[in-house]
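Residue strings, one per chain:
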Amino acid sequence: MRPFKFTAADSLNTAIGIRTKNPEAAFLGGGTNLLDLMKEHVALPNEIIDLGKLNLKTIKATPTGISLGALAKNTETANHPLVRKDFPLLSKAILAGASAQIRNMATNGGNLLQRTRCSYFYDISMPCNKRVPGSGCSAIEGFNRMHAIFGWSEQCVAVYPSDMAIALSALDATVKVMQTNFSERSILMKDFHILPENHPEIDNSLKHGELITSIEIPKNNLASHSAYIKVRDRNSYAFALVSVAAGLNLNGNIIQSAHIAMGGVAHKPWRAIQAEQVLKGKPATLANFTKAAEAEMSAARALSHNQFKIEMGKKTLINALEMALNG
Amino acid sequence: MKQNKTQLTPEEQKLFGDLMPEELEEVINSGFNRRHFIKLMGLATAGLLASHAIGAEQLFARAIETDEIPDLIPEAIENGINVSFKVNSSVKKVLIDSRMTLLDTLRERIGLTGSKKGCDHGQCGACTVIVDGQRVLSCLTLAATCEGKSVITIEGLAKENALNPMQAAFLKHDGFQCGFCTPGQICSAVALMKEAKEGNASYVTKNIREDGKSLLLSDEEIAERMSGNICRCGAYPNIVAAIKEAQSGKNITQNWLFAG
């Protein structure tokens, strides 16, 4: 690890102040991803600002839904009685990620800011446009079995690794951010993470020095008709090949609205807009689920080693919708 | 270093005299250490231990004596941090490089080598310790973030000579082969008992919307909740049986069926 100065920030202002002044400073939440990247010399901060003392750990009901503190731990969030009862899709997605130890450490804000687990991004002896802009993409003609089938560019085919964020995307969450001028702004989940295009080094729309303060989820009628399915190489403690978060807003058997997002397939949580449009106003039947899944997957573009993800994505979408229907 | 003469039982004296005569004096003068232990285990696998009255179980249960290691005074630390936190029953105050992980601080500075460095990247769970009641990975925790916290390691689980029930269950069910992952497995399993009592859910919990307290964990639940601890020897069925026994307090018969 590169030597760094360590400061335990005692307030939001101190934390943002230090980082604004130093372009090479990094915030430390749970550290489960940052420390790993520092050990691999992928992340090279010269100053660490520990956020552990900041008072951003509250999970509470709001008039419009629920607010999840940026520094509340993933375990606490997944097990919070309000989250389990009203947003079980989020609980399930969080619990599908990592291990108990890592969920005990990881914060909600940090989870959103996880970097890709593309093995070329992690290997500093290989070219990678995300790590060193302009150096090339090793994955596009390399071993790309785990990589994207939607929204990739010639610059980057990496996928975004979070499970939690897939559920937040389906649930139309908003990310609240403290700006460097100390006024707050809100970013919709669909706009928070971005596709690689020509700048894969940029994962999300946060500006340097900005700090996530909370994640807000609006109320919904999806609790009894939602499901999260994660398909992976082993039963537990592995990143997704494909995952699907699905929630159905039903009136009898008619789908008022479907809320679907996919993980393991793109550089950001992939909102399945095509599938949602096919299902809107239709009866919740296997035939319609199949049509919706086919519509969504028709836009997928496979790489040399991940053709299987297209069929897997279709089947997982159908399974998740059936599970959501059956509650 | 202080010199404590080790009191050996007549069986132990005979055992070391027969099998490790060249180390006998060292054992008496400076205690039974990790190197002796590894040699003895090597002899055990060769069958040489079988004729002795003392069994491996007794040796596992016998505390490995260590001398109090004085704090190292580093000559130059670029970003020194003074941190003090509770480890097992005592408060430790150490000056560390800001880059030091909790794992390295425990092992290299405090002298508690029970917590193991497997992958050092948060993928194996061998470094699992319990911080403020929660199981965490000490390899991904900066020691500087532990100020004022309470850390429990494998060395802190037994009460004097009485093993923690989870340790006893692991011994009874052979929840290990090489033993490298075992301290992490046991710390993880001990913290899991509290999580189950509090009704925490897992990915395989059937109805996540129900808030179930004091869950009695099924094999499937244990496997999912312990998935952060990898055992390359594949002692998983035994680990599951040990955890079931520790949780239920009842004798668990080993289930030898393979997963499927």
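All figures in this text were calculated on a predicted structure; none of them were measured in a lab.

Calculation rules
- Residues numbered from 1 in each chain as written.
- Chains lettered and ligands numbered in written order.
- Predicted model: local features only at pLDDT ≥ 70, side-chain atom pairs only at ≥ 80, totals over all residues.
- Pairing = 2+ DSSP bridges.
- Helix = DSSP H or I, 4+ residues; strand = E, 2+ residues; numbered from the N terminus.
- Axes fitted to C-alpha atoms, helices over the stretch in contact; angles between N-to-C directions.
- Buried ≥ 20, exposed ≤ 12 C-beta atoms within 10 Å, placed from the backbone.
- Contact = placed C-beta atoms within 7 Å.
- Expected span 1.5 Å × (residues − 1).
- UniProt positions renumbered as here; feature names shortened; annotations may be inferred.
- Parallel < 35°, antiparallel > 145°, perpendicular 65-115°, else oblique.
- Left-handed = near helix turned anticlockwise from the far one by under 90°.
- Nonpolar A, V, L, I, M, F, W, Y, C, P; charged D, E, K, R; others polar.

### Examining the sheet that holds strand β6 (residues 174-178) of chain A
Residue and element names in this part refer to chain A. Across the sheet, five strands lie side by side as β4-β5-β8-β6-β7; this open sheet has antiparallel pairing. The open sheet has two edge strands with one neighbour each: β4 (59-62) and β7 (184-188). Each strand of the sheet is rotated relative to its neighbour by a mean of 25°, with strand direction disregarded. The pairing of β6 with β7 spans five bridges and is antiparallel. Bridge assignment links Lys176 to a residue of β7, and that residue is Ser186.

### Observations concerning the environment of Thr75(A)
Residues and elements named next belong to chain A. By secondary structure assignment, the location of Thr75 is in helix α3 (residues 74-79). On the basis of neighbour counts, which here come to 22 C-beta atoms within 10 Å, the residue Thr75 falls in the buried class. Taking the C-alpha atoms as reference points, Thr75 and Thr64, separated by 11 residues in sequence, lie 23 Å from one another. When sequence neighbours within four positions are dropped, the list of residues in contact with Thr75 reads Arg103 and Asn104.

### Here we look at the sheet that holds strand β4 (residues 134-137) of chain B
Residues and elements named next belong to chain B. Strands sit in the order β2-β1-β5-β3-β4 across an open sheet of five strands; the sheet is mixed. What marks the edges here is a single partner per strand, and that holds for β2 (90-97) and β4. When strand polarity is set aside, the average angle formed by the axes of neighbouring strands in this sheet is 40°. In terms of strand pairing, strand β1 (residues 80-87) meets β2 through eight bridges, oriented antiparallel. Bridge assignment links Lys86 to a residue of β2, and that residue is Val91.

### A look at helix α13 (residues 308-326) of chain A
Residues and elements named next belong to chain A. Its 19 residues give α13 an end-to-end C-alpha distance of 27 Å, which sits within 8% of 27 Å, the value for a rise of 1.5 Å per residue. Within α13, burial applies to Lys309, Gly313, Lys314, Thr316, Leu317, Ile318, Ala320, Leu321 and Ala324. Its buried side turned inward, α13 meets β9 (226-231), β10 (242-251), β11 (254-263), α11 (273-279) and α12 (286-297). Positive backbone phi, at 75°, marks Gly327, one or two positions downstream of α13.

### Some words on the UniProt feature "domain: FAD-binding PCMH-type" (unreviewed entry) in chain A
The feature "domain: FAD-binding PCMH-type" (unreviewed entry), as given by UniProt, occupies residues 1-222 of chain A in the numbering adopted here. Secondary structure across residues 1-222 of chain A divides into 28% helix and 18% strand, with the first and last C-alpha atoms of the span separated by 45 Å.

### Section: the packing of helix α6 (residues 165-172) of chain B against helix α7 (residues 182-197) of chain B
Residue and element names in this part refer to chain B. As a packed pair, α6 and α7 sit with axes 9 Å apart at the nearest point and diverge in direction by 130°. The angle between α6 and α7 falls in the class oblique. Crossing handedness for the pair α6 and α7: right-handed. Listed contacts from α7 to Met166, Gln167 and Phe170 of α6 are Thr182, Ile186, Ala189 and Val190. Among the residues making up the contact of α6 with α7, the classes are represented as five nonpolar, two polar and no charged.

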